[in-house]
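Here are the chains, one letter per residue:
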Amino acid sequence: METAEVLTKTKWTIDNAHSHIDFKIRHLMISNVKGTFKEMSGSIYTGNEDFLTASIECSILVASIDTGDAKRDEHLKGPDFFDIENYKQITFT
């Protein structure tokens, strides 16, 4: 009788104190707008000692966007861009 190999998965949790999600967007072809999302959560699951077959889940709270300009941030949160009333999170799997 053969025994089935049990796959042990390791869960890695994103540490918000030591992680960040930043972005940079070209504005009018003359400058860049930089920003960050301040609130996120996520996990990485591995079944091996490497990350070649890892599975990753990440959620970003869109309302946590910060570009250093409150007026621009409110515009980005509105229906022209992220529409946070209807889409509260960005999710990657």
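To be clear, the structure that these remarks concern was listed above.
**Thoughts on the sheet that holds strand β6 (residues 65–66)**
- The three strands are arranged β2-β3-β6 in an open sheet whose pairing can be described as antiparallel. The strands lining the two open edges of the sheet, one partner per strand, are β2 (21–27) and β6.
- Here seven bridges tie β2 to strand β3 (residues 31–37), and the two strands are oriented antiparallel to one another. Note on β3: the bridge partner recorded for I21 is F37.

**Examining the nonpolar core**
- Formed by F23, F37, M40, C58, I60, I65 and L76, the largest nonpolar core amounts to seven residues.
- Ignoring sequence-local partners within four residues, the contact set of F37 consists of I21, F23, I60, L61, V62, S64, I65, F82 and I90.

**Description of the pattern of salt bridges**
- Summed over all chains, the structure comprises two salt bridges.
- K77 is paired through a salt bridge with E74; the nearest N and O atoms lie 3.5 Å apart. Highlighted residues: K77 and E74, both in helix α1 (residues 70–77), separated by three residues, approximately one helical turn.
- The buried category is assigned to K77, whose relative accessible area is 16%.
- Looking at E74, the relative accessible area reads 52%, which means it is exposed.

Rules behind the numbers
Residues numbered from 1 in each chain as written. Predicted model: local features only at pLDDT ≥ 70, side-chain atom pairs only at ≥ 80, totals over all residues. Heavy atoms only, no water. Pairing = 2+ DSSP bridges. Helix = DSSP H or I, 4+ residues; strand = E, 2+ residues; numbered from the N terminus. Core = buried A, V, L, I, M, F, W, Y, C linked by side-chain atoms within 4.5 Å. Buried < 20%, exposed > 50% of the residue type's maximum accessible area, 1.4 Å probe, protein only. Contact = heavy atoms within 4.5 Å. Salt bridge = Lys/Arg side-chain N within 4 Å of Asp/Glu carboxyl O.

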